[in-house]
Structure formats: structure tokens, C-alpha cells
Amino acid sequence: MNILIVIPHSDFVPTLPLGPLSIATYLNAHGHRARICDCLLKKNEYLKYLSEADRPELVAISLMSN
């Protein structure tokens with residue numbers, strides 16, 4: 001299964017996304033193809049990933065709240 005994990009742009013101080021990295025590592029180790037789109041670096045970069053030939057079957061969005 002192709003999976004895209006999106007880390008959306010935020011005005012918070014950027015931190016290392018250990019949660020999404022851990023999930024992607026686990027999924028890749030168990031036969032899935034998980035990719036991460038870190039929009040903290042480039043806004044709206046996820047549109048490129050959604051329009052590629054191997055479109056994701058599942059899109060997960062990381063969220064941080066207080």
C-alpha cells in the first residue's frame with residue numbers, strides 16, 4: 001500500500017517529526033511504501049506527491065495541538 005504522511009506547515013518552532021518518522025519506518029519495514037512530505041520546509045509540496053504516477057492510497061496528516 002502506498003501511504004503519504006503529510007506534516008503541514010505551522011507557525012510553531014520546527015521540531016524533528018519523530019512520530020511520523022517512526023510510523024513511516026514501521027510501515028516500510030512491514031511491506032508498505034510510506035513517504036513523508038514535510039511541508040515545514042516547502043509549503044504546498046504535498047500537491048506534487050499527490051499528482052505523481054504512484055498516487056498514495058492513504059494520506060495521513062500529522063497534527064500537533066495543545
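As shown above, the structure is provided for reference.
Predicted model, so just to flag it, every value in this text is computed and none were measured. (Residues numbered from 1 in each chain as written. Predicted model: local features only at pLDDT ≥ 70, side-chain atom pairs only at ≥ 80, totals over all residues. Heavy atoms only, no water.)

**Considering the environment of D38**
Take D38: it is sitting in strand β2 (residues 33–38). In sequence terms D38 and S62 are 24 residues apart; their C-alpha atoms lie 9.8 Å from each other. (Helix = DSSP H or I, 4+ residues; strand = E, 2+ residues; numbered from the N terminus.)

**Structural notes on helix α1 (residues 18–29)**
Helix length check: α1, at 12 residues, gives a terminal C-alpha distance of 16 Å against a target of 16 Å (1.5 Å per residue), a fit within 8%. Inspection of α1 places P20, A24 and L27 among the buried residues, and these make up the whole buried set. Seen from one end, α1 has its buried residues packed into an arc of 65 degrees, which puts them on one side. In α1, the exposed positions that point more than 90 degrees away from the buried face belong to L18, T25, Y26 and A29. The elements touched by buried residues of α1 are β1 (2–7) and β2. G31 sits one or two positions beyond α1 and adopts a positive phi of about 90 degrees. (Expected span 1.5 Å × (residues − 1). Buried < 20%, exposed > 50% of the residue type's maximum accessible area, 1.4 Å probe, protein only. Arc of directions from axis to C-beta. Contact = heavy atoms within 4.5 Å.)

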